[in-house]
Amino acid sequence: MSVQPTPEVDIKPPLWIPKLIGESSPWWGHVPFAFWLVEAVQPRILVELGAGRGVAYAAFCEAVARAPLATQCFAVDGGRQDGPGPGGDEAHDALQRFNADHYAAFSKLIRSSLDAAREQFADQSIDLLHVGGDMDAAQARRLAEAWGPKLSARAVLLIDGTNARRGEAGIRTLFEELAGVHPSFEFLHADGLGIVAMGAEPPAAMRALCALAGADMAAVRRSFADVGAVWAGVSEVHAESLRRRARIDDLERTLSAREASQSVLEDERARLDARCRVLTGERDNLAAQGRSIAAERDDARVRLDGLLTEDSSLREEHARAVAKAERLQYHNNELWLVLETAERLIASISQRYTRAVRDNTLLQLRQKLALAFRKLPVRRGRYRMIVNSVFFDPQYYLESNKDLAPGTDPVVHYLQHGSRERRNPSRDLSERKYLELHPDVAAAGFSAVEHYEKFGRRDGSPLLLDLTTAGMAGIAGNHPGRLLAGGAPADEAGSAPSDAPPPRALSVQPLRALPPDAAGSGRPMVLYLTHVPPWPVRAGNEYGTQRMMAWLERRGFDVVLVYCPLPGEGPDEARLRELMDYCPNLIWISRENELRHAVARPDLAAALAQLDGAPGRVDGAIDPTGRWAETLRTFCPDALVKVAQALDSAVEPAMVIANYIWTSRSLRHLRPGVLKAIQTHDVFSSLGGKVLEFGISHGLAMAPQEEALMLEPADLVLAVQPEEAAELRRIVSGPTVLHVGIDMDVVSEARTPERPTVLLIGSGNAMNVKGLRDFLRFSWPLIREAVPAAELQVAGSLGRAVPLGTEGVRALGFIDDLTPVYAGARLVINPAVAGTGIKIKTLEAMAHLRPLVTWPSGVDGVAPELRALCDVVTDWHVFTAAVIRLLDDDTAAKRVIAAKDVVTRILSPDSVFHELARELDRRLGVPSPGGVAE
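As annotated in an unreviewed UniProt entry, the protein chain carries the name Glycosyltransferase and is attributed to Ancylobacter amanitiformis.

As structure tokens, then:
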């Protein structure tokens, strides 16, 4: 096809300044032509296929804006770009922002495939079509054929890269084919640009351009190439300037960081110098103190010699006092008989009052009573002392002494005969063992309960601690105390350990054989060292242990339970079977160095078999010394340390957890590389402010530095509530302290029952017993007066502390499934005014969607959302009023039930264990062992 040139058309590159500067692209060489073409052709619709970084498209739009024209511009970004180089989403987003800032009035970017975009344009509507990018001949031909119907009679087609000569020249082939049919023109610079007049009625400017030849063609090519080279250079200089600015910014940031680091190092050096001077002074002070102590030691030896001489005379005086006490005890027993008779007379005095006045019987009775009480050395105070002691259980006393006559008062019988006959006052106290350990107490005529309540509690429980520190902790088992002489059990059938010393060698015996197909699970292992069993759950600490183990199992760990019960706390056969069914990998260590195991992993079984016959002693040189040394050995004997040490060496667990600080001794004997954790449950150095000030004795209260020493070998210290986590962070500096509470399964639904039932659940520790008895004394009579049908149900071993004959109170004992018990209660109470750790009773009440009345200590460490659902009281008057209100009105109960989603979220494993999960991910490097996620 021949085209006649149009002389009036001026083909010169416009000297406009493009707005888009700094992007790298070969198309900068063609920007002046894009300016001229748009102004000369004046297209109605302009379409670019493959916008890339937008250099070509921005030039088209700039020309439309400067002309100005009514052109509609479209860029279809289907993955192509301006020549070779980076593109993609980042480039598209940048071009989208640039287009919105400058050309939004007439320009639109279409993000789709080229085929899908084609359907958005009417046939014969496009006046200017720009095609760019690398493609083979077949792709280029399909593209031209597909978009051909969309071109108008005036259409002009621009094709990039006609002179690139890279790879398979598909674009070149397409251009040559089209140039043989339609008028065309080609620029050879900047990888080449082909211009084809596709329509039957091309604009005059296109006819003039396509008709150029010889010197005219060369002149046009040179003029546009020269101006394009200028903009390519400007763009490259601008891009290089930006790169250098970014590099300068990076260097300035690096310099600032180094200057800050230098300042920190200088401060640290100054601090260390000051610390060195302080330590030098302390060393000199300690040397001086050592010399002073040596002098005091010599003085003490002199005083000791004098005291030994004085002791001889005191022993003689003591023997005389013992004999006198025996005589007083004999007369005291007789006087108790008189008192018993007097009480019977008092019981019938109202019926005989009128006749007594007439015949002077009342006067005679008063004279007899006065004479009897004058002869009683302790009067009724002694009786009250026994009744109020947590170590006297009247129900147990009557049930275990079937030979007593009906109607016998258990307290009177215990004081008159039971102690002398060595009858146990409760299942927690062995009268015989206590008095054998303290013969002077028996010689003075005191019972075990009397002696402790009158002297031991006042003096800080030294006699109780002589027997076992576990008793006062309330953590040795489910009972308030274990008064076991020499580690022997309180006469419990079937659980008495041998009086012989434990064998030096370990004895290993499997409780069940490995399955024939047993193989390693491939899961990382956690050793859990504990003196309390996780199953079946009977107390709060057992529940916390069970929930921790269950969470670790769900996270993909194999948890190996290494269970070493306290003296007298070993499980019976039935409970051991339950424990074996619950724990796939169980190791039970007795106080006689006997190891019994039921494990599912062959590597564990092999490691334990190697311990058979091994010495049961470990080197204690690295163990803590001081007043808690024996307590630590009671909770964590050498056999437990030996097993932990052997398994750590043989199977290399990922983590070892010590339950309570009392088993932390074992952590000192493990490999440096194993992750060591302590699940604390309580902060024993804070007991003075939480328990002792309420008049409740606790034999495990200690100083912060003593607790810090026991926490020292751990990498992680797990606090059961946030307040205690803060306390532990103040006393330890090495380990990382985490808040890891206790999760709960929230009931699916709850309703408020009609019966006015009050529920109290707890173990028989001293704090719970005091709270129950104070409630029965100060609140329960007033509650019964306001709500006569009210019933108090007491579940757990705390029920043994309910005085016999208390109206409206029912002791339920141990309950395996508490769900129906909670469902039948209108409200739950926690009358314990003091306590430590997290209050399981509070969380459990919330999990069963029941309103709770409690003292402030009952919500220590509880989330504010749950605390708001509780009635927190500060005196017994308010406590009483709150219980009465909740029995009569179910508004508060409905509020708790409505908060089910909040309760579920707060008590969920994801919420409770999130700090520990994050720390395990960081330290062990396995985000979700076994592929299990919470």
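What follows picks up the thread again.
Draft legend 1. Layout of the pattern of salt bridges. One pass over the full model with this rule turns up 41 salt bridges. In this structure, Asp115 engages Arg118 in a salt bridge whose closest nitrogen and oxygen atoms are separated by 3.0 Å. Residue Asp115 and its partner Arg118 are located together in helix H4 (residues 114-118), separated by three residues, close to a single helical turn. Classification of Asp115 by relative accessible area gives exposed; the value is 51%. Within the structure, one salt-bridge network assembled from shared partners comprises Arg523, Glu553, Asp558, Arg601 and Asp603.

Draft legend 2. A look at the packing of aromatic side chains. Summed over the entire model, instances satisfying the criterion amount to 28 aromatic pairs. Consider the rings of Phe392 and Tyr397, whose centres lie 5.6 Å apart with planes at 35°: the pair is tilted. Residue classification places Tyr397 among the buried residues on the basis of a relative accessible area of 0%. Taking 5.6 Å as the distance between ring centres and 50° as the angle between the ring planes, the aromatic pair formed by Trp628 and Trp662 counts as tilted.

Draft legend 3. Highlighting the sheet that holds strand E16 (residues 736-739). One open sheet accounts for nine strands, arranged E8-E12-E11-E10-E9-E13-E14-E15-E16; its pairing is mixed. In this open sheet, the two strands that pair with only one neighbour each are strand E8 (507-510) and E16. Between one strand axis and the next, the sheet turns by 20° as a mean value, whatever way the strands run. As judged from the five bridges shared by strand E13 (residues 655-659) and strand E14 (residues 675-679), these two strands associate in the parallel manner. By the bridge assignment, Ala658 is partnered in E14 with Ile678.

Draft legend 4. Spotlight on unusual backbone geometry. Looking along the chain, the bond that leaves Ala67 and enters Pro68 is cis, with omega of -20°. Along the chain, Pro68 turns up in the loop between helix H2 (55-66) and strand E2 (72-76). One non-glycine residue, Gln124, lies in positive phi territory at about 55°. Relative to the helices and strands, Gln124 resides in the loop between H4 and strand E4 (126-131). Since its relative accessible area comes to 60%, Gln124 is described here as exposed.

Rules used throughout
- Residues numbered from 1 in each chain as written.
- Predicted model: local features only at pLDDT ≥ 70, side-chain atom pairs only at ≥ 80, totals over all residues.
- Heavy atoms only, no water.
- Salt bridge = Lys/Arg side-chain N within 4 Å of Asp/Glu carboxyl O.
- Helix = DSSP H or I, 4+ residues; strand = E, 2+ residues; numbered from the N terminus.
- Buried < 20%, exposed > 50% of the residue type's maximum accessible area, 1.4 Å probe, protein only.
- Phe/Tyr/Trp six-rings, centres within 6.5 Å; stacked < 30°, edge-to-face > 60°.
- Pairing = 2+ DSSP bridges.
- Axes fitted to C-alpha atoms, helices over the stretch in contact; angles between N-to-C directions.

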